[in-house]
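Single-letter residue listing:
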Amino acid sequence: MTERLNTIIKTLNSEQLDGFLLFDANNITYLSGFTGHAATALVLGQHAYLLTDYRYFEQAKAECSVFEVICRDRIKQSLAELIAELLLKHGIRRLAFEADHISHSAWLGMQTHWPETDAVPFSRLVEDLRYTKDDGEIASIQQAAKIADDALHEMLKSVKAGVTERELAAELEYQMAQRGSQGPSFDTIMLMAERSALPHGVPGDRQLQHGDLLLIDFGAVVNGYHSDMTRTFVFGQADEKQRTVYQTVLGAQQAAMDALSEEVEGLKLHQASQHILNQSPYAKYQGEGLGHGLGMDVHELPFIGMGKNLMVKRNCVITIEPGIYIPGWGGVRVEDDVVLTDNGLVQLTQFPREMIEL
Ligand code: GLY
Ligand code: MN
Ligand code: MN
């Protein structure tokens, strides 16, 4: 029994639950080791099952040490029917299920096929374990961050007048792949001039011109763990406004980093950065949140400064990413990945944060 699975079983016992049904691919990977993306997991008492089909059966058997892997014939048996069979076999009366990850059809299947089982919606059972990272997880994110740093240095050699957003994004993703990234963390954001005011814009055919802002938000993936970094450059010499906005954003990021020397409420970090942003003539253009947890998902617990006030605990990996986005002019965001350790904050992304004129 792995320690992670053991912790889940203990929680189920303390909540008088006989079992737990999981749908989320990353939660399933976290508990079982299976890295494919088509499986359902069932923890029934001390017994754990991974339900998949012929496409993943061999892979799942090789990757799962503790879970019993069942290959479902999808023509002969529905998922709900197979689960019903296992619930009956183990005499399950109260079954928790991942309330945040269930599809409507799975919900209907539960009601049709398991009338004897009391299905109990449960949130954050695995997510709360993923909230803080172990050494191996942090090492994977650090490796992804290093790949991203190195790839960005290399990609900058391709920056020249006339190059398009799409060309630079493709070059950056290629450089990450060459260095061992499993794929981009998300669709690379590469935006020039006024388009950099779109916080999550999509690269297009815009060509680089002297004086443009160039905002790049991207990441690499190692062992299923993501990095997430943003840098904003100026192509040529920066003007006064670009300089001012950049220094404000950098100051806001530094203030949040300074506030993270020990376990702290995320709201405190958000307020520290807002305090700087609010003194700027461009305060009304600041972004909404400050950052988010980072791991198997690009966005995961704890979310910082977006409604919920969650603790940033020791061994949480989070992003700190203040930004100012001025419609019609452009945007500046600086984003880094950090982890809170026994010795305070450690920055995982290492690319220089000061404004760079290309
Ligand atoms: N690129 C997504 C983010 O920074 O949150
Ligand atoms: Mn990002
Ligand atoms: Mn981010």
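Look a little higher up for the structure.
Residues numbered from 1 in each chain as written. Chains lettered and ligands numbered in written order. Predicted model: local features only at pLDDT ≥ 70, side-chain atom pairs only at ≥ 80, totals over all residues. Heavy atoms only, no water.

This paragraph deals with the overall build of the chain. Helix and strand content of the chain: ten helices and 20 strands. Dimensions of the chain, computed from C-alpha atoms along their principal axes, come out at roughly 70 × 40 × 35 Å. Looking at the 358 residues of the chain, the share that counts as buried comes to 53%. Within the chain, contacts between residues at least 6 apart in sequence are counted, and of these 65% link residues at least 24 apart. Accessible area for the chain stands at about 16000 Å²; split by element, carbon and sulfur atoms hold 49% of it. For the chain, the distance from the average position of its 30 positive side-chain charges to the average position of its 49 negative side-chain charges is 1 Å. (Helix = DSSP H or I, 4+ residues; strand = E, 2+ residues; numbered from the N terminus. Buried < 20%, exposed > 50% of the residue type's maximum accessible area, 1.4 Å probe, protein only. Contact = heavy atoms within 4.5 Å. Areas by Shrake-Rupley, 256 points an atom, 1.4 Å probe, with all protein chains shown as cover. Lys, Arg positive; Asp, Glu negative; His and termini not counted. Charge placed at Lys NZ, Arg CZ, Asp CG, Glu CD.)

Attention now moves to the coordination of the manganese ion (ligand 3). Looking at the manganese ion (ligand 3), the protein donor atoms are Asp228 (OD), His292 (NE2), Glu321 (OE) and Glu335 (OE), and they sit 2.0 to 2.1 Å from it. If you look at the manganese ion (ligand 3), its six donor atoms make angles of 53 to 158° with each other, and the shape they trace is irregular. For the pair the manganese ion (ligand 3) and the manganese ion (ligand 2), the metal-to-metal distance amounts to 3.3 Å, and Asp228 bridges them. Taken together, the positions of His292 in strand 13 (residues 291-293) and Glu335 in the loop between strand 18 (330-333) and strand 19 (336-341) put the pair 43 residues apart, joining distant regions of the chain. Just as His292 is buried, Glu335 falls in that class too. (Donors = N, O, S within 2.8 Å, 3.2 Å for Na, K, Ca; no water. Tetrahedral: all angles 85-135°; square planar, octahedral: opposite > 155°, others 65-115°.)

Moving on: the environment of Asp187. Note on placement: Asp187 falls in the loop between helix 8 (165-178) and strand 7 (189-192). In this structure, the C-alpha to C-alpha distance between Asp187 and Gly201, residues 14 residues apart in sequence, is 9.8 Å.

Around a metal, the perfect tetrahedron of four donors has angles of 109.5 degrees, and the perfect octahedron of six donors has angles of 90 or 180 degrees. Distances from the manganese ion (ligand 2) to its protein donors, Asp217 (OD), Asp217 (OD), Asp228 (OD) and Glu335 (OE), fall at 2.0 to 2.5 Å. For the manganese ion (ligand 2), the six donor atoms in the first shell make angles of 56 to 162° at the metal, a pattern classed as irregular. Going along the chain, you hit the donors of the manganese ion (ligand 2) in the pattern D-x10-D-x106-E.

Between Leu301 and the following residue, Pro302, the backbone shows a cis peptide bond with an omega angle of -5°. Along the chain, Pro302 turns up in strand 14 (residues 300-304). At Gln16, a position not held by glycine, the phi torsion is positive, near 55°. The topology assignment puts Gln16 in the loop between helix 1 (3-14) and strand 1 (19-22). Despite not being glycine, Asn315 shows a phi value in the positive range, around 70°. For Asn315, the location among the structural elements is in the loop between strand 15 (311-312) and strand 16 (317-320).

Let us now look at the sheet that holds strand 3 (residues 47-52). The strand order across the open sheet built from six strands is 4-3-2-1-5-6, with neighbouring strands paired in mixed fashion. Only two strands of the sheet have a single partner each, and these edge strands are strand 4 (68-71) and strand 6 (118-122). Each strand axis lies, on average, 25° off the axis of its neighbour in the sheet, ignoring direction. As paired elements, strand 1 and strand 5 (residues 94-98) share three bridges and run parallel to each other. Within strand 5, the residue paired with Leu21 across the bridge is Phe97. The sheet contacts of helix 2 (residues 25-32) involve strand 1, strand 2 (40-44), strand 3 and strand 5, and relative to strand 1 the element is tilted by about 125°. (Pairing = 2+ DSSP bridges. Axes fitted to C-alpha atoms, helices over the stretch in contact; angles between N-to-C directions.)

Around ligand 1 sit Phe186, His200, Asp217, Asp228, His292, His299, Glu321 and Glu335, and those are all the residues in its vicinity. One of the side-chain nitrogen or oxygen atoms of His299 is found 2.7 Å away from an oxygen atom of ligand 1. Taking Glu321, its side chain carries an N or O atom lying 3.1 Å from an oxygen atom of ligand 1. When its residues are assigned to classes, the shell around ligand 1 shows one nonpolar, three polar and four charged. (Near = heavy atom within 4 Å. Polar contact = N/O pair within 3.5 Å; in protein donor to acceptor, adjacent residues only side chain to side chain. Nonpolar A, V, L, I, M, F, W, Y, C, P; charged D, E, K, R; others polar.)

Before going further, it helps to examine the pattern of salt bridges. Close approach of charged atoms lets side chains of opposite charge pair. Considering all chains together, one arrives at 23 salt bridges under this definition. Across the pair Asp53 and Arg55 runs a salt bridge, and its minimum N-O distance is 2.9 Å. Since its relative accessible area comes to 6%, Asp53 is described here as buried. A residue is classified by how much of its surface remains accessible, and Arg55, at 44% relative accessible area, is partly exposed. We note a salt bridge from Arg74 to Asp53, for which the minimum N-O separation is 3.8 Å. Residue Arg74 is found in the loop between strand 4 and helix 4 (79-90), and its partner Asp53 is found in the loop between strand 3 and helix 3 (57-63); the two are separated by 21 residues along the sequence. For Arg74, a relative accessible area of 41% gives the class partly exposed. (Salt bridge = Lys/Arg side-chain N within 4 Å of Asp/Glu carboxyl O.)

Considering all chains together, one arrives at three aromatic pairs under this definition. Note on Phe97 and Trp107: the rings are 5.8 Å apart at their centroids and 45° apart in plane angle, and the pair reads as tilted. Of the two residues, Phe97 is situated in strand 5 and Trp107 in helix 5 (residues 104-113); the sequence distance between them amounts to ten residues. On the accessibility criterion, Phe97 (3% relative accessible area) is buried. Taking the centre distance of 6.0 Å and the plane angle of 90° together, the rings of Phe233 and Phe351 count as edge-to-face. A residue pair is termed long-range when its members are at least 10 positions apart, and Phe233 in strand 11 (residues 229-234) and Phe351 in the segment after strand 20 (344-347) qualify at 118 residues. For Phe233, a relative accessible area of 1% gives the class buried. Exposure remark for Phe351: the relative accessible area of 3% places this residue in the buried category. When the ring centre of Tyr30 is taken as reference, the NZ or CZ atom of Arg4 above it lies at 3.8 Å. The ring of Tyr131 carries Lys313 above its face, with NZ or CZ at 4.7 Å from the centroid. (Phe/Tyr/Trp six-rings, centres within 6.5 Å; stacked < 30°, edge-to-face > 60°. Lys NZ or Arg CZ within 6 Å of the ring centre and 35° of its normal.)

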